[in-house]
Amino acid sequence: MAMVAKPAGYEPIARNYPYNCWWVAAFADEVGRVPLGRWLLDTPVVLYRTQGGEVVALEDRCPHRQAPLSIGKLQGDAIECGYHGFQFGRDGRCVRVPTMASPPPISIETFPVREIGPLVWVYLGDSACLDAVPPPPTMAWMSDPSFAIRQGKTEIAANYLLLKENVLDLTHFGYVHAGSFGITNVVGKLTVTRTDDTVGYEEIFDPAPLPDGLSHAFGIAPGTPWSRSTKGAFLSPAAQYGSASFADPRTPETPNASHQFAHFTTPIDHEHMHYFYVFGRDYAREPAAMDHFAAMVEKGFKEDEFVLEQVQALISRRPRRGSTGERSVKADAAGVEARRIIERWMQRETIPA
Amino acid sequence: MAMVAKPAGYEPIARNYPYNCWWVAAFADEVGRVPLGRWLLDTPVVLYRTQGGEVVALEDRCPHRQAPLSIGKLQGDAIECGYHGFQFGRDGRCVRVPTMASPPPISIETFPVREIGPLVWVYLGDSACLDAVPPPPTMAWMSDPSFAIRQGKTEIAANYLLLKENVLDLTHFGYVHAGSFGITNVVGKLTVTRTDDTVGYEEIFDPAPLPDGLSHAFGIAPGTPWSRSTKGAFLSPAAQYGSASFADPRTPETPNASHQFAHFTTPIDHEHMHYFYVFGRDYAREPAAMDHFAAMVEKGFKEDEFVLEQVQALISRRPRRGSTGERSVKADAAGVEARRIIERWMQRETIPA
Amino acid sequence: MAMVAKPAGYEPIARNYPYNCWWVAAFADEVGRVPLGRWLLDTPVVLYRTQGGEVVALEDRCPHRQAPLSIGKLQGDAIECGYHGFQFGRDGRCVRVPTMASPPPISIETFPVREIGPLVWVYLGDSACLDAVPPPPTMAWMSDPSFAIRQGKTEIAANYLLLKENVLDLTHFGYVHAGSFGITNVVGKLTVTRTDDTVGYEEIFDPAPLPDGLSHAFGIAPGTPWSRSTKGAFLSPAAQYGSASFADPRTPETPNASHQFAHFTTPIDHEHMHYFYVFGRDYAREPAAMDHFAAMVEKGFKEDEFVLEQVQALISRRPRRGSTGERSVKADAAGVEARRIIERWMQRETIPA
């Protein structure tokens, strides 16, 4: 057990996320010809598609009188302020002021975006660093036709780091998710693997009966001991994944089913995050079975949301008395390493806190 | 185009309104024999009428144990605290303490008031400056029997300055009010007129069809091009007006109809204002027609309220990134001048910020 | 009349209650085998009973990842965190971490508790001072079988001091409670008695008709003048009592009925308190009569709550203008003395503000 001091990010106000990083701004299907205003990294951003279908991300603030542009509407590829009708092109330059013959030389910030599969990524950082920044992480299963895929989104009233740690220590399944996922053997053989900028875990569990929903999906009798292993990794401050593989205990080396989860968190501000998730599986892929799976996942994610909001509320309320800091144990190895990786991202940061 | 720095008032906390100024406290018909508590200029004020019908404005805070006097009741011309029964006369002096044979020498602040037409004005400033302060602005049409008059009030979660600018730049009509007022030719020949403490505009538009409601009220065929001019002015930090005149294009010099708007804003605190408005017109004055007109006006003012609250929310949330300040254009001439006038009022201020 | 400066506690943020004091944490019947999380003195506390029935009070914060332990559940006499399953014994020591063979040497704070009659008291102060701190005040009538007893609890959005003063100056009855308690002769012969750490008052009133509810309970004709005296005291920063005795005016020395009130306030934070109250009477003790009495008391306490929340709201909103401070009169003698006593408790305080 090691004692870990409160990271700087846990102090109110201080920023604990890097700007020089790709973050998820939205699901691709949320962005269209109606402007979508979204607060990302303490910054108002408006997203929309051009007539040609490309995603544009601009500062969501008219420089004239500070109205959010997202309450306006699109005129061709430009966005028109809903207050006095100033228009800005996709490059951020003002292209029209109703009272002027030609537009004045004013502009708003424009942010690089990348649409990859179901996700729209945005870069709010220092443009000089864009080329040096790791690209948005991708996961092959998201575009693998052997997987049935679902997605969802929620806003959680908690610092984004709290979710990062949550999905790197699955021992919480036995406590937070006993009533939803129904996995109760939560301690297995854990291996943690580090690279410079990622940390992953792999955990192998002794064969044990699965929850009824899963054994039914696999076509095995309820209560049959089955092999299970889980894997997960912190890929960037914005992205993590987790997966579970299942196998007949007689042939544990050849998993015959897996499900995959991608967790994308984007800070809204110090005490709120957007949480985008994508999940899929290569078994029981019929819509009705997937609906059932999705309902279980949504229930489980609401359980996480409840706990994380309780933790954040306790931190935000700032107790006068009692202990402070956090005490980590071996099971936190991946989560603690993730904090260190984020600290390194922050040390490379070129935008003042 | 000129660049205008954020005025000091846009910074949170700093006061951006003068105390040494008459402000609207209430409509006359809101003030009676039940105490009315109202927060004005960051100050709790209680208003009531004496038995003789005069309006009294006192500090809304019992000096004994800090209860708002407005939760108490009137005893003759005095107000009785609802907590321990202390009574204060209209001059602010304590006239009774239930446990004492004679009242102690304590008192509360009393504020000068003036009841003018439908409005009650209050002066919360330095009493030494009262004589030097401009009187409450008046508008002749408010007591002109050829006008049918209506009034209304709302609280807006925005700094009062945002509304001042709103009513000095009518180009927002084409964007904010396209669905209510239906005026879409919003750019005309603009003249801005300044005096030391006021700024006004006059704008003449080319003949154009009016919205159906108006052409009907004027008894002209829908779509008939008609002459229109608008006028407005900043009269004091508390008061502005705006008007529109309509004329047959063949005789544009003799307007045959006009409507008038008076806009009174009183800061509650840095992020909230009371907005009192009075409007009238000298045409289509029957109650049913006026009801229709009032419904349109209320709808339009709700549209302004929505936009101003969005602007304030963006400012109050304090983005970490993106541009700051505001960029003004020629159409803002009157609004920018209004800010300068308020700055001069602030420079004359004798009450510490 | 004396002028009393704002006590330090009225300033936001500064603590105006002592930690080195016994405070009421809960009613005994609120604490059982389901963890009860409660914020007391700006500190998260979790309360529960062991299998043997003893009350335990622990810091309500898991030192692992800051989850409130109160969202977890009991395992025997230990409490299990609802996030990752860490368990803590009643002595605060970690007794189990699911992923570890033996628990690490981590612990949470445990707080001394005393269960006395209907109340659970807790001590959050400096343990070195525990022996020197006055024990929780007790009142004989609470366990006297000749009294019928009721209890209640509410949270008030006001600093706890506001309620202390409220129950030490009963002149508010004629204003706040005219519609509930119906006692209108509120000024009598007042005697104030001080000891080092307590202050009490006794007040004798001239015979006067009682409210109908009371005269009916005493079996006397409505309107019969009756003798009444009241008594009350500040016993500690956490506890006060008040009582009224009634007697036939022909034999005023031998009261034939009394009711008793105990008021326990525990700060939640600077602007909120828990208010626990217990009341009883030795007359008209049948359940239906007590229900009627309790309904009247609850109505009266809601009236106090309304006034105190209005006072706190005015203070918290921090008027920019107007007078400050408070002006006390002779009727405030007990309340002013109570403030001085609390100041002395604060001067003895060994925990930094």
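Residues numbered from 1 in each chain as written. Chains lettered and ligands numbered in written order. Predicted model: local features only at pLDDT ≥ 70, side-chain atom pairs only at ≥ 80, totals over all residues. Heavy atoms only, no water.

Across its full length, chain A holds five helices and 20 strands. Its C-alpha atoms give chain A a radius of gyration of 22 Å, near enough to 20 Å, the size a compact globule of 353 residues would have. Expressed as a percentage of contacts within chain A between residues at least 6 apart in sequence, the contacts between residues at least 24 apart total 60%. Total accessible area on chain A is roughly 14,100 Å²; 54% of this is exposed by carbon and sulfur atoms. Positive and negative side-chain charges of chain A, numbering 34 and 41 respectively, have mean locations separated by a distance of 4 Å. (Helix = DSSP H or I, 4+ residues; strand = E, 2+ residues; numbered from the N terminus. Rg over C-alpha atoms; globule rule 2.2 N^0.38 Å. Contact = heavy atoms within 4.5 Å. Areas by Shrake-Rupley, 256 points an atom, 1.4 Å probe, with all protein chains shown as cover. Lys, Arg positive; Asp, Glu negative; His and termini not counted. Charge placed at Lys NZ, Arg CZ, Asp CG, Glu CD.)

As a further point, take the relation of the copies chain C and chain A. Take chain C, turn it by 120°, move it 0.0 Å along the axis, and it overlays chain A with an RMSD of 0.0 Å. Both copies of the chain, as the preceding transformation shows, are related through a three-fold rotation axis. (Least-squares fit on C-alpha atoms with pLDDT ≥ 70 in both.)

Next up on the list: the sheet that holds strand S13 (residues 148-156) of chain B. Residue and element names in this part refer to chain B. The strand order S13-S19-S18-S17-S16-S15-S14 describes an open sheet built from seven strands, whose pairing is antiparallel. A single partner strand is all that each edge strand has here, and the edge strands are S13 and strand S14 (189-194). On average, adjacent strands in this sheet sit at an angle of 15° to one another, irrespective of strand direction. Note: strand S18 (residues 257-269) against strand S19 (residues 272-281), ten bridges, orientation antiparallel. Within S19, the position partnered with His263 by the bridge is Tyr277. Across the sheet, helix H4 (residues 287-317) touches S13, S18 and S19, and the angle it forms with S13 is around 25°. (Pairing = 2+ DSSP bridges. Axes fitted to C-alpha atoms, helices over the stretch in contact; angles between N-to-C directions.)

With that out of the way, let us pick up the sheet that holds strand S7 (residues 78-80) of chain C. The strand order across the open sheet formed by four strands is S6-S7-S8-S9 (chain C), and the pairing between neighbours is antiparallel. The outermost strands of the open sheet, each flanked by one partner alone, are strand S6 (73-75) and strand S9 (94-96) of chain C.

This brings us to the pairing of strand S2 (residues 22-27) of chain C. Residue and element names in this part refer to chain C. Across the six residues of S2, six count as buried, placing the element largely inside the fold. Relative to strand S12 (residues 119-123), S2 runs antiparallel, the two being bridged by five bridges. Looking at S12, one finds that Phe27 is bridged to Leu119. (Buried < 20%, exposed > 50% of the residue type's maximum accessible area, 1.4 Å probe, protein only.)

Let's shift gears to the nonpolar core. Grouped together as the largest cluster of nonpolar side chains are 104 residues, with contacts concentrated most on Phe86(A), Leu47(B), Phe218(B) and Phe264(B). The residues touching Leu47(B), leaving out its near neighbours within four places in the chain, are Ala25(B), Ala26(B), Val31(B), Val34(B), Pro35(B), Leu36(B), Val55(B), Val56(B) and Ala57(B). (Core = buried A, V, L, I, M, F, W, Y, C linked by side-chain atoms within 4.5 Å.)

Taking the numbering used here, the UniProt-annotated feature "domain: Rieske" (unreviewed entry) corresponds to residues 22-122 of chain A. Across residues 22-122 of chain A, the secondary structure splits into 0% helix and 44% strand, with the terminal C-alpha atoms separated by 6 Å. (UniProt positions renumbered as here; feature names shortened; annotations may be inferred.)

What follows deals with the interface of chain C and chain A. Each partner contributes residues to the interface: chain C has 40 residues there, and chain A has 34 residues. Where chain C abuts chain A, roughly 3,100 Å² becomes buried across the two surfaces, and 56% of that area is made up of carbon and sulfur atoms. Looking only at chain C, the three residues that lose the most surface to chain A are Arg65(C), Gln66(C) and Tyr83(C), adding up to 25% of its buried area. Taken together, chain C and chain A are joined by four salt bridges. Its salt-bridge partner being Arg65(C), residue Glu165(A) comes within 3.7 Å of it at the nearest N-O pair. At the junction of chain C with chain A, the criterion picks out eight residue pairs in polar contact (both at pLDDT 80 or more). Where the side of chain C that touches chain A is concerned, the elements lending two or more residues are strand S4 (43-49) and strand S18 (257-269) of chain C. Its residues placed into classes, the side of chain C that touches chain A shows 22 nonpolar, eight polar and ten charged. (Buried area = accessible area lost by both parts, 1.4 Å probe. Salt bridge = Lys/Arg side-chain N within 4 Å of Asp/Glu carboxyl O. Polar contact = N/O pair within 3.5 Å; in protein donor to acceptor, adjacent residues only side chain to side chain. Nonpolar A, V, L, I, M, F, W, Y, C, P; charged D, E, K, R; others polar.)

This part is about helix H4 (residues 287-316) of chain C. Relative to the 44 Å expected for 30 residues at 1.5 Å per residue, H4(C) spans 41 Å between its end C-alpha atoms, a close match to the ideal helical length. A positive phi of about 50° marks Arg318(C), the residue just after H4(C). (Expected span 1.5 Å × (residues − 1).)

Turning our attention to the environment of Pro105(A). Along the chain, Pro105(A) falls in the loop between strand S9 (94-96) and strand S10 (110-111). Sequence-wise, Pro105(A) and Gly152(A) are 47 residues apart; in three dimensions their C-alpha atoms are separated by 41 Å.

What follows covers the pattern of salt bridges. Pairing between side chains becomes possible if they bear opposite charge and their charged atoms approach one another. One pass over the structure, following the stated rule, counts 57 salt bridges over all chains. Between Asp91(B) and Arg93(B) there is a salt bridge, with the nearest N and O atoms lying 3.8 Å from each other. By relative accessible area, Asp91(B) is classed as partly exposed at 42%. Judged by relative accessible area, which is 56%, Arg93(B) ranks as exposed. Residue Glu165(B) pairs with Arg339(B) through a salt bridge whose shortest N-O separation is 2.3 Å. Here Arg339(B) lies in helix H5 (residues 333-347) and Glu165(B) lies in helix H1 (residues 160-166), a separation of 174 residues in the sequence. The same class applies to Glu165(B) and to Arg339(B), which are both buried. Overlapping salt bridges bring together Arg65(A), Glu165(B), Glu326(B), Asp332(B) and Arg339(B) as one network.

With that settled, the discussion passes to the interface of chain A and chain B. Taken together, the contacts link 40 residues of chain A with 35 residues of chain B. Buried surface at the junction of chain A and chain B, both sides included, amounts to about 3,100 Å², of which 56% is carbon and sulfur. Broken down residue by residue, the surface that chain A buries against chain B is led by Arg65(A), Gln66(A) and Tyr83(A), which jointly contribute 25%. Taken together, the connections running from chain A to chain B amount to four salt bridges. At the boundary of chain A and chain B, one finds eight residue pairs in polar contact (both at pLDDT 80 or more). Here the side of chain A that touches chain B is composed, by residue class, of 22 nonpolar, eight polar and ten charged.

It is worth spelling out unusual backbone geometry at this point. Here Arg318(A), not a glycine, exhibits a phi torsion of approximately 50°, which is positive. Residue Arg318(A) is classed as exposed on the basis of its relative accessible area, which comes to 55%. Positioned with a positive phi, Gln66(B) is a non-glycine residue whose angle comes to about 70°. Residue position: Gln66(B) is located in the loop between strand S5 (55-59) and strand S6 (73-75).

A few words now on the packing of aromatic side chains. All names here are of chain B. Under the criterion given, the structure shown has 54 aromatic pairs over all chains. Consider the rings of Phe261 and Phe279, whose centres lie 5.6 Å apart with planes at 25°: the pair is stacked. Pair noted here: Phe261 is in strand S18 and Phe279 is in strand S19, with a separation of 18 residues, a long-range link. Comparing Phe261 with Phe279 shows no difference in burial state: the two are buried. (Phe/Tyr/Trp six-rings, centres within 6.5 Å; stacked < 30°, edge-to-face > 60°.)

All names here are of chain A. Taken residue by residue, chain A gives an average pLDDT of 91. The fraction at 70 or more is 96%. Under a pLDDT of 50 for its full length, residues 1-12 has, in the predicted model, 34 contacts with residues more than four places off or in other chains. As a predicted assembly, this complex carries a pTM of 0.92 together with an ipTM value of 0.91. (pLDDT = per-residue confidence, 0-100.)

Take the domain arrangement of chain A next. Residues and elements named next belong to chain A. The domains assigned to chain A are domain 1 (30-111) and domain 2 (140-347). The C-alpha centroid of domain 2 is placed 37 Å from the C-alpha centroid of domain 1. If you look at the interface, domain 1 gives six residues, while domain 2 gives eight residues. Buried surface at the junction of domain 1 and domain 2, both sides included, amounts to about 500 Å², of which 60% is carbon and sulfur. Looking only at domain 1, the three residues that lose the most surface to domain 2 are Arg38, Trp39 and Leu41, adding up to 63% of its buried area. One can count zero salt bridges joining domain 1 with domain 2. Linking domain 1 with domain 2 are three residue pairs in polar contact (both at pLDDT 80 or more). The class makeup of the residues in the side of domain 1 that touches domain 2 is three nonpolar, no polar and three charged. (Domains from an automatic or database assignment.)

Our next topic: the environment of Pro249(A). Residues and elements named next belong to chain A. Within the fold, Pro249 resides in the loop between strand S17 (239-247) and strand S18 (257-269). Owing to a relative accessible area of 29%, Pro249 belongs among the partly exposed residues under this scheme. The spatial distance from the C-alpha of Pro249 to the C-alpha of Thr171 is 22 Å, given a sequence separation of 78 residues. Excluding residues within four positions of it along the chain, Pro249 makes contact with Pro207, Pro225, Trp226 and Ser227.

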